[in-house]
Amino acid sequence: MASNGIVDVRPKFEKIYLELKAQILADPAFDYTVDARQWVDKMLDYTVPGGKLNRGLSVIDSYRLLKAGEEISEDEVFLGCVLGWCIEWLQAYFLILDDIMDGSHTRRGQPCWFRLPKVLEQNF
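Residues numbered from 1 in each chain as written. Predicted model: local features only at pLDDT ≥ 70, side-chain atom pairs only at ≥ 80, totals over all residues. Heavy atoms only, no water.

Enquirer: Which parts of the structure should I look at to understand the nonpolar core?
Expert: Judged by nonpolar contacts, the single largest core of 18 residues is most densely connected at Val-9, Phe-13, Val-48, Ile-60, Cys-81 and Trp-85. Contributions of two or more residues to this core are made by helix 1 (10–26), helix 2 (34–47), helix 3 (54–66) and helix 4 (74–102). Considering each element in turn, this core owes the most residues, five residues, to helix 1. Beyond its immediate stretch of four places on either side in the chain, Val-9 contacts Leu-57, Ile-60, Arg-64 and Val-77. (Core = buried A, V, L, I, M, F, W, Y, C linked by side-chain atoms within 4.5 Å. Buried < 20%, exposed > 50% of the residue type's maximum accessible area, 1.4 Å probe, protein only. Helix = DSSP H or I, 4+ residues; strand = E, 2+ residues; numbered from the N terminus. Contact = heavy atoms within 4.5 Å.)

Laid out in structure tokens, this is it:
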């Protein structure tokens, strides 16, 4: 628990990422081949959760402020985390595009996604 009496939501936020990723990978709307499913799994883990997560975590903090001191339910925390991850995924997309446009070599101390040999082999 944080010093102000608010539970630290980051561990729950990170756990919900895994749940959302599993749902995406298992969604029958996407007709993944085994290779495609592995590719998306690796791409998500490589590009999305590596940052500070401030944007996504701020969604839950903002919701708490909007509730004006009322306790938020587990369902509300979950939905806030889902929305937070939507923002984090959008930001990851923007960073990938930025890296490509700028010709960057690294992001967060590792090679940019589009610079990985397996990605380059796909005629990216």
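Enquirer: Please explain the environment of Arg-115 as it appears in this structure.
Expert: You can see Arg-115 is positioned in the loop between strand 2 (110–111) and helix 5 (117–121). Given the relative accessible area of 29%, Arg-115 is considered partly exposed. Note: C-alpha distance between Arg-115 and Asp-99 (16 residues apart in sequence) is 9.5 Å. At 2.9 Å, the side chain of Arg-115 forms a polar contact with the backbone oxygen of Gly-103. (Polar contact = N/O pair within 3.5 Å; in protein donor to acceptor, adjacent residues only side chain to side chain.)

Enquirer: What's the story with empty space enclosed by the protein in this structure? I'm lost.
Expert: Overall, the coordinates contain one cavity of 30 Å³ or more when judged by the stated rule. Reported here for the largest cavity is a volume of approximately 100 Å³. The wall of the largest cavity is formed by Tyr-46, Thr-47, Ala-92, Leu-95, Ile-96, Asp-99, Arg-107, Arg-108, Gln-110, Pro-111, Cys-112 and Trp-113. At the level of elements, helix 2, helix 4 and strand 2 are the ones that each hand at least two residues to the lining of the largest cavity. (1 Å grid on protein atoms, 1.4 Å probe; cavity = no way out; pocket = protein on both sides within 12 Å on 5 of 7 lines; lining within 4 Å. Points joined across faces, edges and corners; volume = space filled by probe spheres on them.)

Enquirer: Would you take a moment to explain helix 1 for this structure?
Expert: Along an α-helix, a turn takes 3.6 residues, which lines up residues three or four apart on a common side. Compared with the 24 Å implied by 1.5 Å per residue over 17 residues, the 25 Å span of helix 1 between its first and last C-alpha is a close match. Turning to helix 1, its buried residues are Phe-13, Ile-16, Tyr-17, Leu-20, Lys-21 and Leu-25. The elements touched by buried residues of helix 1 are helix 2, helix 3 and helix 4. (Expected span 1.5 Å × (residues − 1).)

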